[in-house]
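Spelled out from the first residue to the last, the chains are:
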Amino acid sequence: MKHGSLRLRLGLAAAGLIALALVLAGVGLTLIFDRVLDARTADGLDRTAKLIAGQVALAPDGTLTLPREPPDSRFFAPYGGLYWQVDRHVDQQGDPQGERAGGPALRSRSLWDRGLGTVPDTAQEPAVGDLAGPDGGTLIAVTRRVSIPANGANAALAVTVAEDRRDLAESRATFLRLLVPSLGALFVALTLAMSLFVRRALAPFRTLRADLAAIHAGTRARLPESFPEEVRPLVADLNRLLDAQERDLERARTGAGDMAHGLKTPLAVLDALARRTEGRHPALAAEIAEQAQAMGRQVERTLARARAASGGLRRRACPVAPALARIVGALKRLPEGEALRWEIAAADELAFPGDEGDLTEILGNLLDNARKWAHRRIRVAGRVEGGEAHLVMEDDGPGMSEAAIAGIARGRRWDETRPGTGFGIAIARDLAEGAGARMQFGRSDLGGLRVEIRWPVPES
């Protein structure tokens, strides 16, 4: 894709928006994961707090007892990351030592020689918050406040269970290790899908380009109406442009033809005057005849240019092989044509992007010139190769030097010993260029002149 390609621009814009959306989605999913992880952790800590609160009791001497501790091994390892504590004193600001007027707190072995505070009271039970850990870390803690009967009264207890946030950070890191590659794979998949979508969305324009190429090639006269609604106004405008061009070209062609036909009568009169005065004024008669012939050649060339210009976008492709066979058959009946060996090899798919009349005049002028100069052979080959059509005409005549080939002037005859106006090659070149073809001259390996005509072949 080129730098200014609409598909490239849309693809890059879509890729950027997809990347931005996935980044925002990743941030959102991470925040959601953190909240869900905190909620699930707090829920698990609260269940442990309920288990402890259901078993804690007061001994006759007033000390706290817990018949059976929670079975998690992290409660028994010093600074194991999971901690619990039961305190008879409820302090809104937290009690880092857990020991106040109510006596020493009951706590897990994982706290070792440290104590936990309590989460301050909240409107909801249990209270959830962060506390400082025994080893300097941060804990997510749950404090559930309960009352148990003791000596005819109720004793207020605070049961706190906490977990080190570093354990949660490991879970978060694992989540991110899975999330980032997943989002990357999703980015690739969505980008490819968007690329296919953009290609599909631009398909009408590729179809429009192919239809325009068919109009250039002459296989179609107008653009079809079977385009999506968004493209139909453009198609309608192009069809109106084609119609207007067709009318303008037809008027120009008609005008050129009228002018040429209008000049035929004056030219015929001049020619008749030249013949009538030839006996009395031979020099004047020769000059009048020469000027009349020059004007006649200009008329022929004007008509040829009018035909070439009228091709435009509405050219009709003409098969080369049938026209070539017809012209060669006619030239063989001319003087010296039957004695020549004509080697014709034109591919069936070779089609000239112009009218049949234009092709006939091009081939007729060039092959008639070859007939006049050839000794024994004339070779014509046509093929389609690499998206381009090649039509080569060669003869084994005396040929021309490179300087003479480079200096071929339109309408100038380089040898007066052969009959002709000198405008045949000029007219052929005008018609070929009008059809979008290129004509090149060179020296053939047969010894004579080599003329090659090339034109692009539209993609099917």
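Above this text sits the structure in question.
All of the points below concern the structure found in this document. Everything numeric here is computed off the predicted structure, so don't read it as measured data.

## Thoughts on the packing of aromatic side chains
Here is step 1: In total, this model carries 2 aromatic pairs according to the counting rule given.
Here is step 2: Note on F33 and F175: the rings are 4.2 Å apart at their centroids and 5 degrees apart in plane angle, and the pair reads as stacked. Taken together, the residues F33 in helix α1 (residues 6–55) and F175 in helix α2 (residues 165–201) connect sequence positions 142 residues apart.
Here is step 3: The class for F33 is partly exposed, based on a relative accessible area of 21%.
Here is step 4: Judged by its relative accessible area of 21%, F175 falls in the partly exposed class.

## Some thoughts on the pattern of salt bridges
Here is step 1: Under the defined criterion, the tally for this structure stands at 27 salt bridges.
Here is step 2: The salt bridge partner of D72 is R74, with a shortest N-O separation of 3.3 Å.
Here is step 3: Of the residues examined, D72 reaches a relative accessible area of 28% and is grouped as partly exposed.
Here is step 4: The salt bridge partner of R165 is D130, with a shortest N-O separation of 3.1 Å. Of this pair, R165 sits in helix α2 while D130 sits in strand β5 (residues 127–132), and the two are 35 residues apart along the sequence.
Here is step 5: A relative accessible area of 25% means that R165 is categorised as partly exposed.

## Regarding the nonpolar core
Here is step 1: Core analysis: the largest hydrophobic core is formed by 38 residues, its most contacted members being L363, L366, L367, L391, I453 and W455.
Here is step 2: Residues in contact with I453, not counting those within four places in the same chain, are I362, L366, A389, H390, L391, M393, A437, R438 and M439.
Here is step 3: Listed in part, the 22 residues of the second largest apolar core include L37, A49, V56 and L168.

## Here's the deal with the pairing of strand β11 (residues 377–385)
Here is step 1: The sheet contact formed by strand β9 (residues 341–346) and β11 spans 6 bridges and is parallel. When the bridges of β11 are listed, W342 appears paired with I378.
Here is step 2: With 8 bridges connecting them, β11 and strand β12 (residues 388–395) associate as antiparallel partners. Bridge pairing links G382 to L391 in β12.
Here is step 3: Linkage of β11 to β12, two consecutive antiparallel strands, is achieved through a turn of 2 residues, within which G386 is found at a positive phi near 60 degrees.

## Focus: the sheet that holds β9
Here is step 1: Across the sheet, 5 strands lie side by side as β9-β11-β12-β14-β13; this open sheet has mixed pairing. Two strands close off the open sheet at either side, each with one partner strand: β9 and β13 (438–443). Sheet twist, expressed as the average angle between the axes of neighbouring strands with direction ignored, equals 10 degrees.
Here is step 2: Taken strand by strand, helix α6 (residues 320–332) contacts β9, β11, β12 and β14 (449–456), and its axis lies near 170 degrees from that of β9.
Here is step 3: Against the sheet, helix α7 (residues 356–373) engages β9, β11, β12, β13 and β14, with an angle of about 30 degrees to β12.

## Considering the environment of R377
Here is step 1: In this fold, R377 is placed in strand β11.
Here is step 2: Taking the relative accessible area as the measure of exposure, R377 reaches 22% and is therefore partly exposed.
Here is step 3: Between the C-alpha atoms of R377 and G448, which are 71 residues apart in sequence, the distance is 9.8 Å.

Scoring rules and cut-offs
Along every chain, residues carry numbers that run from 1 in the direction the sequence is written. Since the coordinates come from a predicted model, pLDDT governs what is reported: local features require at least 70, and pairs of side-chain atoms require 80 or more to be given and counted, while whole-chain, interface and lining totals use all residues. With hydrogens and water excluded, all non-hydrogen atoms of the structure serve as input to the side-chain values. For this analysis, a ring pair means two rings from Phe, Tyr or Trp (six-membered ring only for Trp) whose centres lie within 6.5 Å, classed as stacked if their planes differ by under 30 degrees, edge-to-face if by over 60, and tilted for the remaining angles. Put simply, DSSP marks the helices as runs of H or I at least four residues long and the strands as runs of E at least two long, and each gets a number from the N terminus on. Burial classification: accessible surface area is computed with a 1.4 Å probe over protein chains only, and a residue below 20% of its type maximum counts as buried, one above 50% as exposed, and the rest as partly exposed. The working definition used for a salt bridge is a side-chain nitrogen of Lys or Arg within 4 Å of a carboxyl oxygen of Asp or Glu. We call a set of buried residues a nonpolar core when its members are Ala, Val, Leu, Ile, Met, Phe, Trp, Tyr or Cys and they connect through side-chain atoms within 4.5 Å of each other. When checking whether two residues touch, look at their non-hydrogen atoms; a contact exists if any pair is within 4.5 Å. Strand pairing is defined by DSSP finding a minimum of two bridges between the two strands. The axes are straight lines fitted to the C-alpha atoms, using for helices just the contacting stretch, and the angles between their N-to-C directions are given from 0 to 180°.

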